[in-house]
Amino acid sequence: GIQVEQSPPDLILQEGANSTLRCNFSDSVNNLQWFHQNPWGQLINLFYIPSGTKQNGRLSATTVATERYSLLYISSSQTTDSGVYFCAVPRTSGSRLTFGEGTQLTVNP
Amino acid sequence: EPEVTQTPSHQVTQMGQEVILRCVPISNHLYFYWYRQILGQKVEFLVSFYNNEISEKSEIFDDQFSVERPDGSNFTLKIRSTKLEDSAMYFCASIRVLGGGYTFGSGTRLTVV
């Protein structure tokens, strides 16, 4: 099956810092999503980004499908950004999502 | 923005008991999924459902599990005889069309004691 690797596994930042999270995947995909899992365990959809770049406030994401990676940028981080960030890809359209192991982000005040 | 609704948010059950986890997908979505996440681990696929039948299931989804869409809105996951290792967060998800973005519910935290 498709492999999804995320890096770094853990990241600790001071409030206000910027960061880049990476997601590599082993096969061609036509969809990729980034999620934020908050301290209550909820999975919040951040981006649906099969290719190109999208921005939403302080967050932006870029997927380079031909090179099989995606990046999530967090600028001016806040304590509320803390949590686990997952990327996930489907093997084929509509099929199961395969999740990465996640990046645990801690933003200190 | 439309949401996927899951109930209950937290359920505690005794080992060996049956549990039913409920989900109301977004109304015009056609493909439905259950995933689970054991504490501290990544999210794992359980089963997908389309046109009133299972379209794909993982090795985790054994005979203890079943899914049903009893009416036009609800989508349920039943665990027949719970084990301690079934303790996890269970997520329901849906998509409208193939290739679209998945919308996840807020999860049900199941604790088996």
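Please refer to the structure placed before this passage.
Computed from a predicted model, the values in this text were never measured in an experiment.

Parameters and conventions
- Residues numbered from 1 in each chain as written.
- Chains lettered and ligands numbered in written order.
- Predicted model: local features only at pLDDT ≥ 70, side-chain atom pairs only at ≥ 80, totals over all residues.
- Heavy atoms only, no water.
- Pairing = 2+ DSSP bridges.
- Helix = DSSP H or I, 4+ residues; strand = E, 2+ residues; numbered from the N terminus.
- Axes fitted to C-alpha atoms, helices over the stretch in contact; angles between N-to-C directions.
- Disulfide = S-S within 2.5 Å.
- Buried < 20%, exposed > 50% of the residue type's maximum accessible area, 1.4 Å probe, protein only.
- Contact = heavy atoms within 4.5 Å.
- Buried area = accessible area lost by both parts, 1.4 Å probe.
- Salt bridge = Lys/Arg side-chain N within 4 Å of Asp/Glu carboxyl O.
- Polar contact = N/O pair within 3.5 Å; in protein donor to acceptor, adjacent residues only side chain to side chain.
- Phe/Tyr/Trp six-rings, centres within 6.5 Å; stacked < 30°, edge-to-face > 60°.
- Lys NZ or Arg CZ within 6 Å of the ring centre and 35° of its normal.

Participant: How would you sum up the sheet that holds strand β8 (residues 75–79) of chain B? Please name residues and give values.
Facilitator: All names here are of chain B. Overall, antiparallel pairing links the four strands, which are arranged β1-β3-β8-β7 in an open sheet. Of all strands in the sheet, those bounded by a partner on one side alone are β1 (5–7) and β7 (65–68). Mean inter-strand twist for the sheet, computed between neighbouring axes without regard to direction, equals 20°. Relative to β8, strand β3 (residues 19–24) runs antiparallel, the two being bridged by five bridges. By the bridge assignment for β8, V19 is matched with I79.

Participant: Hey, could you go over the state of the cysteines for me, with residue numbers and the actual values?
Facilitator: All names here are of chain A. Considering all chains together, one arrives at two disulfides over all chains under this definition. Each sulfur of the disulfide joining C23 and C87 lies 2.0 Å from the other. Residues C23 and C87 are joined by a disulfide whose S-S torsion is about 75°; by sign, that bridge is right-handed. Here the residue C23 occupies a position in strand β3 (residues 19–25), and C87 occupies one in strand β9 (residues 83–90), the gap between them amounting to 64 residues. Accessibility classification places C23 together with C87 in one group, the buried group.

Participant: Please provide a residue-by-residue account of the interface of chain A and chain B, values included.
Facilitator: Every contact between the two is made by 20 residues of chain A and, on the other side, 21 residues of chain B. The contact between chain A and chain B buries some 1,700 Å² in all, and 51% of this surface belongs to carbon and sulfur atoms. For the pair chain A and chain B, the number of links is two salt bridges. Ionic pairing is found between R96(A) and E56(B), a salt bridge with its closest N-O pair at 2.9 Å. Across the contact surface, chain A and chain B share four residue pairs in polar contact (both at pLDDT 80 or more).

Participant: Any details on the packing of aromatic side chains? Residues and values, ideally.
Facilitator: Applying the stated criterion across every chain yields a total of 15 aromatic pairs over all chains. Considering the side-chain rings of F86(A) and F99(A), the 6.1 Å spacing of their centres and the 80° angle between planes classify their relative orientation as edge-to-face. Separated by 13 residues along the polypeptide, F86(A) in strand β9 and F99(A) in strand β10 (residues 97–99) bring together distant segments of the chain. F99(A) sits in the buried class, given a relative accessible area of 1%. Seen from their ring centres, F49(B) and F75(B) are 5.3 Å apart, and the 40° between their planes marks the pair as tilted. Of the two residues, F49(B) is situated in strand β5 (residues 44–50) and F75(B) in strand β8; the sequence distance between them amounts to 26 residues. What links up through ring pairs into an aromatic cluster is the set F35(A), F86(A), F99(A), Y33(B), Y35(B), F45(B), F91(B), Y102(B) and F104(B). Taking the ring centre of Y69(A) as reference, the NZ or CZ of R22(A) above it sits at 4.2 Å.

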